[in-house]
Amino acid sequence: MASVTLKNVVKRFGSTTAVNDLSIDIQDKEFAVLVGSSGCGKTTALRMIAGLESATSGDIYIGDTRVNDLEAKDRDIAMVFQNYALYPHMNVRDNMGFGLRIREFTKAEIDARVEEAADILGIRDLLERKPKELSGGQRQRVAVGRAIVRKPKVFLFDEPLSNLDAKLRVAMRAEISKLHRRLEATIIYVTHDQVEAMTMADRIFIMSQGVLQQSGAPMEVYARPVNRFVAGFIGSPAMNFVDAALTAENGGLCVDAGGFKVRMPQAFEAALAPYAGKTVVFGVRPEDIALAEPGAADGRSITARAEVVETLGSEMFVHLSCGAHNLVARLEMPDRLPSVGETLNMALKMPKTHVFDKETQRAIV
Ligand code: ATP
């Protein structure tokens, strides 16, 4: 297995800069997820690591070897694509062994590796079937098996679960995590789905418009997003954002959004002080808004009207209006459901709130 390092990598397609000055350092045996919305450059980054695209500038290393000038077949990586691209006329055994056959492995070695991979993936009984005789999830396993038999230094996954239905995606997510532990492999996984990134990654790399925005452990990125883009991208339902004035009151700082006013925790004051009197962007996650006792004047309570109540069984999302602002709250199911039009008292978990610079969009706290 090996580390993967990108240093100042740029990829241009004509006037489009798909990847802009990307520097990342993926450790040996790490599960790294590149995540971002469509067109952010994540697939291009993966294809450059694979050797399927050349970098316009910058350096790519696998282990200590600079691989920019190495052909894909010489990079010792295996890629699993979104469309599994299995050969329809070959059975599972031959599909899995194909890459080894063209590399002139002996039949005995191919059989041994295919059967070992089939055991790991629980598809031993499917080896003689053709792809059309398999379910989507089984085909996905064969595509992963084809990568495993190569025993590569690095596995690259490009949106491997997006053709599967929601339930199967959840199951395959857990399987790929287990596989990572079992193979002790370096995995670089590309997805637009922040839930996949949060649940599987050792480290997430969030991209937007070709630029790396933030990297870190999933919970670190969730708790301390560096800018508004990351804050809005990670977490579902997305963080609520409200333009508000930061005002100095009674020796403290308040966020005054017009429809509501809350007091910032003392721990935030030093960082926020230069913004007193200015407009900032206040951010609160839906899960950091709770139902509260009426009339509390504790600097964290707001009064809001329930506009839409969505029940999901174990929890509910309440769409609130508060003056000119709309907020979503994610709540445990209470004994009595709020009704539409009802006025609710809500409390914000202030130490978990965020404030962003309105101009630069960077997180202040
Ligand atoms: P998606 O999830 O939709 O695949 P992505 O984040 O993987 O998106 P890329 O496929 O890396 O994004 O594309 C990044 C940008 O580069 C996009 O603007 C895309 O249109 C452009 N691009 C990608 N490949 C090419 C190409 N071969 N020729 C021209 N432009 C390209």
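None of the values given here were measured: they were computed from a predicted structure. (Residues numbered from 1 in each chain as written. Predicted model: local features only at pLDDT ≥ 70, side-chain atom pairs only at ≥ 80, totals over all residues. Heavy atoms only, no water.)

S.K.: Can you help me understand the nonpolar core in this one?
M.R.: Side chains of nonpolar character tend, in soluble globular proteins, to be buried together. Core analysis: the biggest nonpolar cluster contains 47 residues, and Met96, Ile148, Phe157, Tyr189, Ile204, Ile206 and Ile234 have the highest contact counts within it. Per element, the largest residue contribution to this core is six residues, and it comes from helix α3 (residues 107-121). Those residues within four positions of Tyr189 in sequence are excluded, and the remaining contacts are Phe31, Ala32, Val33, Leu34, Phe157, Pro160, Leu161, Ile176, Glu196 and Met200. Listed in part, the 32 residues of the second largest apolar core include Leu246, Ile302, Ala304 and Met346. (Core = buried A, V, L, I, M, F, W, Y, C linked by side-chain atoms within 4.5 Å. Buried < 20%, exposed > 50% of the residue type's maximum accessible area, 1.4 Å probe, protein only. Helix = DSSP H or I, 4+ residues; strand = E, 2+ residues; numbered from the N terminus. Contact = heavy atoms within 4.5 Å.)

S.K.: What exactly am I supposed to notice about the state of the cysteines here?
M.R.: Chemically, a disulfide is nothing more than a covalent bond linking the sulfur atoms of two cysteines. Considering all chains together, one arrives at zero disulfides under this definition. Considering cysteine sulfurs only, Cys322 is the nearest to Cys254, which forms no disulfide, with 15 Å between them. In this structure Cys254 comes out as buried when scored by relative accessible area, which is 7%. (Disulfide = S-S within 2.5 Å.)

S.K.: Mind showing me how you'd approach the side chain of Asp288 here?
M.R.: Tracing the sequence through the fold places Asp288 in the loop between β14 (279-284) and β15 (289-291). Leave out the neighbours within four places in its chain, and Asp288 touches Ala347, Leu348, Lys349 and Lys352.

S.K.: Where do I start with the pairing of strand β7 (residues 154-158) in this structure?
M.R.: Each regular strand shows side chains that alternate between the opposite faces of the sheet. Of all five residues making up β7, five are buried, and the element is well covered by its neighbours. Neither face of β7 is open: one carries Val154, Leu156 and Asp158, the other Phe155 and Phe157, and all of them are buried. Direction of pairing for strand β6 (residues 77-80) relative to β7: parallel, over a ladder of four bridges. Paired with Met79 across the two strands is Leu156, which belongs to β7. Bridge count for β7 against strand β8 (residues 186-191) is five bridges, and the pairing is parallel. Within β8, the position partnered with Leu156 by the bridge is Ile188. In terms of handedness, the path from β7 via helix α5 (residues 166-183) over to β8 forms a crossover that is right-handed. (Pairing = 2+ DSSP bridges. Right-handed = clockwise from strand over helix to strand, strands pointing away.)

S.K.: Help me understand the site of the ligand in this model?
M.R.: The environment of the ligand is made up of Phe13, Thr16, Ala18, Ser37, Ser38, Gly39, Cys40, Gly41, Lys42, Thr43, Thr44 and Glu159. With respect to the ligand, the backbone of Gly39 contributes an N or O atom lying 2.7 Å from an oxygen atom. Here an oxygen atom of the ligand and a side-chain polar atom of Lys42 are 2.8 Å apart. Protein chains bury 58% of the 630 Å² of accessible surface belonging to the ligand in isolation. Elements supplying a minimum of two residues to the shell around the ligand: β2 (16-26) and α1 (42-50). Of the residues forming the shell around the ligand, the biggest block, three residues, is contributed by α1. (Near = heavy atom within 4 Å. Polar contact = N/O pair within 3.5 Å; in protein donor to acceptor, adjacent residues only side chain to side chain. Areas by Shrake-Rupley, 256 points an atom, 1.4 Å probe, with all protein chains shown as cover.)

S.K.: What's the story with the pattern of salt bridges in this structure? I'm lost.
M.R.: Considering all chains together, one arrives at 22 salt bridges under this definition. Residues Arg93 and Glu115 are paired through a salt bridge, measuring 2.9 Å at the closest nitrogen-oxygen approach. Taken as a pair, Arg93 in helix α2 (residues 92-102) and Glu115 in helix α3 lie far apart in primary sequence, 22 residues in all. When the shortest N-O distance is used, the salt bridge between Glu307 and Arg305 registers 2.9 Å. Look at Glu307 and you get partly exposed, because its relative accessible area is 30%. In this structure, a network of salt bridges that share partners links the residues Arg93, Lys107, Asp111, Glu115, Asp119, Arg124 and Glu128. (Salt bridge = Lys/Arg side-chain N within 4 Å of Asp/Glu carboxyl O.)

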